[in-house]
Amino acid sequence: MAGDTLRILVIEDEDTVRDLVRTVLERAGYEVLTAPDGQAGYELAQKERLDLVVSDLLTPRMHGYEVLQRLKATPSTRRLPVIVLSAKAYPADQRKALEMGAAAFLAKPFRPPALLAVVSRVLDTLRVRFWGVRGSIATPGPETVRYGGNTPCVTVERGRDLLILDAGTGLRPLGVALQAGAGGRPLDIKMLITHTHWDHIQGFPFFVPAFVPGNRLEIHGPPSLDKPLEKVLRGQMDPEYFPVSLGDMAADIHVEEVREPHFTAGAFQVHAIYVNHPGVTMAYRVTCGDTSVVYATDTEPYRRLLPGANGEDSVATEYATGRDGQLIDFVRDTDLYIADSQYTPEDYLTKRGWGHTCYPDVVDIALKANAARVALFSHDPMHDDDAIDRKLAHCRKLAEGTALEVIPAIEGEAIELIKEVIVG
Ligand SMILES: [Zn+2]
């Protein structure tokens, strides 16, 4: 998929506008398909692999709102972004189109640079979605219903490219959604595993696409302490623990151990570093175009853990500060830092050495690194929704007066990392 020319479907009944849009997009290097009415456009979108639809609102046979509604109601086209074009500049029409799931609204008449700016903004936007945000163990129930109870699983998407971060229990609903959205076509899935503690791999045996012949799955992660990564994944599916073995998964599965700090996973550039957590654990910085996301869950500051490193002993303090500085450099200037914020300072008094961060340290790291946003992640199983509200409020207070945006990781929610394009 990576490196393919991006394919855009233009649904427009006015010949002159359709030709203009086609010419502008083709000159910019996109492959363009066209449809003269909504019905034909909707049918093409079901058949063709597309990256974007640009649709007029008042199209014959099926108007643009209906095209939009149907595309969003069909699993195989739900994620396909749609830009709505219209001479109907009424705010209510624009609002309605956006409410119905349009990625952008472009008023007619428009100049070619404005069209290209909107198209590239929509296609370059990274979308990060949280499928599991809970640390340690899945914690379903009424106390966790607002933030979610599944263990770590996050997706980073750009257009049809998708990267999965960790295979906690949140991977199960993700797998169901991916397979439903495949529309019968084979899936090519890339996944990064930070480490093999239960909460980061327990969703894997329930990952539906791994059971479907024709699908391809590429998993990257560090080798475990004394075993290859594949053996650990296989081990949790031994008959003592699980009724189906890894060998019974019918997809083409490749497990690749991370040996180099920089590698590619589909359309995404990945930078990996080790972080401070029991066993072998990595954090990943994922970059696509000029947007980046840092996924650094399950890590404990050296300054907190090492004896004397909190100022009591100058050698220990200097050493720990240097090691913690590596994470700050790793997070530097990122658009989104997904951070282990499992403990309150009070929790930490009894949980020092368990491999997690207390949340004020997360704000400190994000500020020192000049991150644009930090998402509080890996919520403690002992923390109910109200406790997470308090954690969020405290972190926002700590970041007050700075440009840092503090957001909570919420299961099922997505964040769009939009790069604003200046229209020339
Ligand atoms: Zn862990």
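On a predicted model such as this, the values are computed, not experimentally measured, just so you know. (Residues numbered from 1 in each chain as written. Predicted model: local features only at pLDDT ≥ 70, side-chain atom pairs only at ≥ 80, totals over all residues. Heavy atoms only, no water.)

Before going further, it helps to spend a moment on the nonpolar core. Core analysis: the largest hydrophobic core is formed by 29 residues, its most contacted members being Val128, Phe130, Leu336 and Ile338. No other element matches strand β14 (residues 282–288), which puts four residues into this core. If sequence neighbours within four positions are ignored, isoleucine 338 has contacts with Val128, Phe130, Val154, Val293, Val294, Tyr295, Ala296, Thr297, Ala375 and Phe377. Of all hydrophobic cores here, the second largest spans 28 residues; its members include Leu327, Ile328, Val363 and Leu404. (Core = buried A, V, L, I, M, F, W, Y, C linked by side-chain atoms within 4.5 Å. Buried < 20%, exposed > 50% of the residue type's maximum accessible area, 1.4 Å probe, protein only. Helix = DSSP H or I, 4+ residues; strand = E, 2+ residues; numbered from the N terminus. Contact = heavy atoms within 4.5 Å.)

Taken in spatial order, the seven strands of this open sheet run β12-β13-β14-β15-β16-β17-β18, and their pairing is mixed. Edge strands, defined here as strands with exactly one partner in the open sheet, are β12 (262–265) and β18 (405–408). Each neighbouring strand pair of the sheet contributes to a mean axis angle of 20°, computed without reference to strand direction. Summarising the sheet, strand β15 (residues 291–296) and strand β16 (residues 336–340) pair through four bridges and their orientation is parallel. Paired with valine 293 across the strands is leucine 336, a residue of β16. In the packing of helix α10 (residues 314–331) onto the sheet, contacts are made with β13 (268–274), β14, β15 and β16, and the angle to β13 comes to roughly 170°. (Pairing = 2+ DSSP bridges. Axes fitted to C-alpha atoms, helices over the stretch in contact; angles between N-to-C directions.)

It is worth spelling out unusual backbone geometry at this point. Put simply, lysine 108 and proline 109 share a cis peptide bond, and its omega is -5°. Positionally, proline 109 belongs in the loop between β5 (104–107) and α5 (112–124). Even without a glycine there, the phi angle at asparagine 370 is positive, about 60°. Residue position: asparagine 370 is located in the loop between α12 (359–369) and β17 (373–377). Residue class for asparagine 370 comes out exposed when judged on its relative accessible area of 52%.

Moving on: the packing of aromatic side chains. One pass over the full model with this rule turns up four aromatic pairs. With a centroid separation of 5.6 Å and an interplanar angle of 70°, the aromatic rings of tyrosine 295 and phenylalanine 377 are classed as edge-to-face. Residue tyrosine 295 is located in strand β15, and its partner phenylalanine 377 is located in strand β17; the two are separated by 82 residues in the primary sequence. On the basis of relative accessible area, phenylalanine 377 is assigned to the buried category, the value being 0%. Where tyrosine 343 meets tyrosine 348, the ring centres are 6.4 Å apart and the plane angle is 50°; that geometry is what we call tilted. Assessed through its relative accessible area of 2%, tyrosine 343 is described here as buried. Taken together, Phe130, Tyr295 and Phe377 form an aromatic cluster joined through their ring pairs. Taking the ring centre of tyrosine 42 as reference, the NZ or CZ of arginine 70 above it sits at 5.6 Å. (Phe/Tyr/Trp six-rings, centres within 6.5 Å; stacked < 30°, edge-to-face > 60°. Lys NZ or Arg CZ within 6 Å of the ring centre and 35° of its normal.)

On to the pairing of strand β1 (residues 7–11), then. Here β1 lies mainly inside the structure; five of its five residues are buried. Alternating residues of β1 divide into Arg7, Leu9 and Ile11 and Ile8 and Val10, and every residue in both groups is buried. In this sheet, strand β2 (residues 31–35) lies alongside β1 in parallel orientation, the contact comprising five bridges. Considered in β2, the bridge of leucine 9 is made with leucine 33. One crossover worth recording links β1 to the parallel β2 by way of helix α1 (residues 15–27), and it is right-handed. Bridging between β1 and strand β3 (residues 52–56) involves four bridges; their strand directions are parallel. Bridge pairing in β3 places valine 10 opposite valine 54. (Right-handed = clockwise from strand over helix to strand, strands pointing away.)

Another point: the coordination of the zinc ion. Coordination of the zinc ion by the protein involves His195 (NE2), His197 (ND1), His277 (NE2) and Asp298 (OD), with metal-donor separations of 2.1 to 2.4 Å. Here the zinc ion is ringed by four donor atoms whose angles at the metal span 86 to 175°, and the overall shape comes out irregular. Ordering the donors of the zinc ion by residue number gives the pattern H-x1-H-x79-H-x20-D. Separated by 82 residues along the polypeptide, histidine 195 in the loop between β9 (188–192) and α7 (198–201) and histidine 277 in the loop between β13 and β14 bring together distant segments of the chain. For histidine 195, a relative accessible area of 2% translates into the label buried. Among the residues examined, histidine 277 registers a relative accessible area of 8% and is labelled buried. (Donors = N, O, S within 2.8 Å, 3.2 Å for Na, K, Ca; no water. Tetrahedral: all angles 85-135°; square planar, octahedral: opposite > 155°, others 65-115°.)

What follows concerns the sheet that holds strand β11 (residues 252–257). Ordered by their spatial adjacency, seven strands build an open sheet running β11-β10-β9-β8-β7-β6-β19, and the pairing between neighbours is mixed. Only two strands of the sheet have a single neighbouring strand rather than two, namely β11 and β19 (414–417). The sheet shows a mean angle of 20° between the axes of neighbouring strands, taken without regard to direction.

In this section: the domain arrangement of the protein chain. Considered domain by domain, the protein chain is made up of domain 1 (7–123) and domain 2 (125–417). Computed over C-alpha atoms only, the centres of domain 1 and domain 2 are separated by 35 Å. Contacts between domain 1 and domain 2 engage 13 residues on the former and twelve residues on the latter. In total, about 1,000 Å² of surface goes out of reach between domain 1 and domain 2, with carbon and sulfur atoms giving 34% of it. Linking domain 1 with domain 2 are two salt bridges, by the criterion used here. (Domains from an automatic or database assignment. Buried area = accessible area lost by both parts, 1.4 Å probe. Salt bridge = Lys/Arg side-chain N within 4 Å of Asp/Glu carboxyl O.)

A few words now on the side chain of histidine 379. With respect to the helices, strands and loops of the structure, histidine 379 is situated in the loop between β17 and α13 (385–398). We classify histidine 379 as buried; its relative accessible area is 0%. A distance of 3.0 Å separates the side chain of histidine 379 from the backbone oxygen of alanine 409, its partner in a polar contact. Leaving out residues up to four positions away in the same chain, histidine 379 has contacts with Val133, Arg134, Gly135, Tyr147, Gln342, Ile388, Lys391 and Ala409. (Polar contact = N/O pair within 3.5 Å; in protein donor to acceptor, adjacent residues only side chain to side chain.)

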